[in-house]
Amino acid sequence: MATYRMISLYSGSSGNAFVIATPHARILIDAGKNARALTRTLDEVGVPIETIDAIFITHDHHDHTSALPVLLKHHPKPVHAVEASAQVIARGAPQYVCDCLHRHMPLFSETVGDVTIRSFITPHDSEFSVGYRLELTDGEGVIHTIGYATDLGYVTDDIREALAGCESVVLESNHDREMLLTGPYPYPLKERILSRYGHLANDDCAAFLCELAEQGMKHVMLAHLSEQNNDPAIAYNETLTALGREDIDLFVAAPDHAVELMMTSKTEEEPVC
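Chains are numbered independently. Their residues run from 1 in the order of the written sequence. This being a predicted model, a pLDDT of at least 70 is required before a residue's local features are given, and a value of 80 or more before pairs of side-chain atoms are given or counted; all residues contribute to the totals for chains, interfaces and linings. Only heavy atoms go into the side-chain values, all of them from the structure, while hydrogens and water stay out.

1. Structural notes on the overall build of the protein chain
Helix and strand definitions follow DSSP, with helices as H or I runs of at least four residues and strands as E runs of at least two, each counted in order from the N terminus. Counting secondary structure elements, the protein chain contains ten helices and 14 strands. The quantity called the radius of gyration is restricted to C-alpha atoms. Its globule counterpart is 2.2 Å times the number of residues to the power 0.38. In summary, the protein chain has a C-alpha radius of gyration of 17 Å against a globular reference of 19 Å for 273 residues, a match within 12%. Dimensions of the protein chain, computed from C-alpha atoms along their principal axes, come out at roughly 50 × 45 × 35 Å. Here the term buried applies to any residue with accessible area under 20% of the maximum for its type, exposed to any over 50%, and partly exposed to those in between, with areas from a 1.4 Å probe on protein chains only. Relative to its 273 residues, the protein chain shows a buried fraction of 56%. Summing over all exposed atoms, the protein chain offers an accessible surface of approximately 11,400 Å²; the carbon and sulfur share of this is 51%. Computed with a 1.4 Å probe, the accessible areas rest on the Shrake-Rupley method; for each residue, only the protein chains presented here act as cover.

2. Considerations on the side chain of threonine 116
Here threonine 116 lies in strand E8 (residues 115–121). On the basis of relative accessible area, threonine 116 is assigned to the buried category, the value being 13%. Here, residues are in contact when the closest pair of their heavy atoms is within 4.5 Å. Sequence-distant contacts of threonine 116, that is, excluding residues within four places in its chain, are made with Ser109, Glu110, Thr111, Arg133, Leu134 and Glu135.

3. Quick look at empty space enclosed by the protein
Empty space left among the atoms is revealed by rolling a probe the size of a water molecule over them. Points on a 1 Å grid over protein atoms alone make up a cavity when a 1.4 Å probe fits among them but cannot get out, and a pocket when they form an open set with protein on both sides within 12 Å along at least five of seven lines; lining residues each have an atom within 4 Å of a point. Grid points are joined across faces, edges and corners, and a volume is the space filled by probe spheres set on the points. Scanning the model with the defined rule gives one cavity of 30 Å³ or more in all. Its boundaries defined by the atoms lining it, the largest cavity holds a volume of some 40 Å³. Every residue lining the largest cavity is listed: Ser8, Tyr10, Ser11, Asn16, Ala17, Phe18, Tyr148, Thr150 and Ala223. The set of elements that each furnish at least two residues to the lining of the largest cavity consists of strand E1 (5–10) and strand E2 (17–22). We call Asp, Glu, Lys and Arg charged. Ala, Val, Leu, Ile, Met, Phe, Trp, Tyr, Cys and Pro are nonpolar, and the rest, Gly among them, are polar. Looking at side-chain class alone, the lining of the largest cavity contains five nonpolar, four polar and no charged residues.

4. Some words on the environment of methionine 221
Structurally, methionine 221 is set in strand E12 (residues 219–223). With residues up to four places along the chain from it excluded, the contact list for methionine 221 reads Ser8, Phe18, Val169, Val170, Leu171, Phe251, Val252, Ala253, Val259, Glu260 and Leu261.

5. Comments concerning the layout of surface pockets
In this structure, the largest pocket occupies an estimated 200 Å³ of space. Every residue lining the largest pocket is counted, 16 residues in all, and those nearest its centre are Ser13, Asn174, Arg192, His199 and His224. Residues belonging to the lining of the largest pocket are distributed by class as follows: four nonpolar, nine polar and three charged.

6. Considerations on the pattern of salt bridges
Salt bridge criterion: a side-chain nitrogen from Lys or Arg within 4 Å of a carboxyl oxygen from Asp or Glu. For the structure shown, the criterion picks out eleven salt bridges. In this structure, the salt-bridge partner of glutamate 83 is arginine 103, at a minimum N-O distance of 3.1 Å. Taken together, the positions of glutamate 83 in helix H4 (residues 83–90) and arginine 103 in strand E6 (residues 101–104) put the pair 20 residues apart, joining distant regions of the chain. Here glutamate 211 makes a salt bridge to arginine 160, at a shortest N to O gap of 2.9 Å. On the criterion of sequence distance, the pair formed by glutamate 211 in helix H9 (residues 202–213) and arginine 160 in helix H6 (residues 157–163) is long-range, its members being 51 residues apart. A residue is classified by how much of its surface remains accessible, and glutamate 211, at 31% relative accessible area, is partly exposed. Residue arginine 160 is classed as partly exposed on the basis of its relative accessible area, which comes to 30%. Connected via shared salt-bridge partners are Arg118, Arg133 and Glu135.

7. A look at unusual backbone geometry
For aspartate 30, which is not glycine, the phi torsion reads 70° and is therefore positive. With respect to the secondary-structure elements, aspartate 30 resides in the loop between strand E3 (25–29) and helix H1 (35–44).

8. Overview of the sheet that holds strand E14 (residues 259–260)
Should DSSP find at least two bridges between two strands, the strands are regarded as paired. Spatially, the seven strands line up as an open sheet ordered E6-E5-E4-E3-E2-E1-E14, and their pairing is mixed. What marks the edges here is a single partner per strand, and that holds for E6 and E14. Note that strand E5 (residues 79–82) and E6 share four bridges and pair parallel. Counted as the bridge partner of valine 82 is histidine 104 from E6. Only the stretch in contact is used when fitting a helix axis, every axis being a line fitted to C-alpha atoms; angles between N-to-C directions are given from 0 to 180 degrees. Against the sheet, H1 makes contact with E1, E2 and E3, and its axis sits at roughly 145° relative to E1, the strand it touches most. On the sheet, H4 packs against E5 and E6 and is oriented at approximately 145° with respect to E6.

9. Digging into the sheet that holds strand E10 (residues 142–149)
Strand pairing in a sheet relies on backbone hydrogen bonds, with the paired strands running either antiparallel or parallel. One open sheet accounts for seven strands, arranged E7-E8-E9-E10-E11-E12-E13; its pairing is mixed. A strand with exactly one partner marks an edge of an open sheet, and here the two such strands are strand E7 (109–112) and strand E13 (249–252). Ignoring strand direction, the axes of neighbouring strands in this sheet form an average angle of 15°. The pairing of E7 with E8 spans four bridges and is classified as antiparallel. When the bridges of E8 are listed, valine 112 appears paired with valine 115. The strands touched by H9 are strand E11 (168–172) and E12; relative to E11, the strand with the most contacts, the crossing angle is about 160°. Taken strand by strand, helix H10 (residues 232–243) contacts E12 and E13, and its axis lies near 160° from that of E13.

Geometry only, nothing functional implied.
Next comes the structure, spelled out in structure tokens:
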């Protein structure tokens, strides 16, 4: 029975934002693009900014933080980030942004309503980068687990441990290797993307999802696809073929509109709003 909603508001190099709504919490992961786009899309999916309880930032890159200055001016919210990322966000920012920042050690845990959010380290070429494991509780124990990991050059053992057993997973499927290598990007940029601190390729994403499927994963959203070096159909089909099964819900996030991870095929009730 579904007791949560997972919605990519938009995902890609132009901006990233993801919302998770449970019976007692509304959590925003990252705040890219701009405040107008972010608040408009939240309204469209029925989770208005006024209902958001907290924002969790994965890393300091512009496509994950650019909406914060204007957003926090009009809608002050707790913003959780590791110290290194918080320092970059605060650099030159208005005081009200700094006042909203909750600074953490690389591995931290926060509870918001019925959700406990735990960070884990991801390899990326920012000041620091983390993913999140979210555990939903019903007062008696954990009833659902969600994993969120984008902007990672490769899958580390720590990431494997953090996402093990997650029921729902949002994972980067950034590029098709052949499209990237033969595409128009300059060679140094291609090297950066392909490095162990760049972005996860379709085939590596698919291989890792096969591991997670053996550990109980039921729902997947492919995220942070490159608009120049990937195609949603290519990413989707590569993962679907690798999984080789029909009992897992598979979705692809879009760069310019909301995509909800629907769980109707595996649940008896609609997700709560």
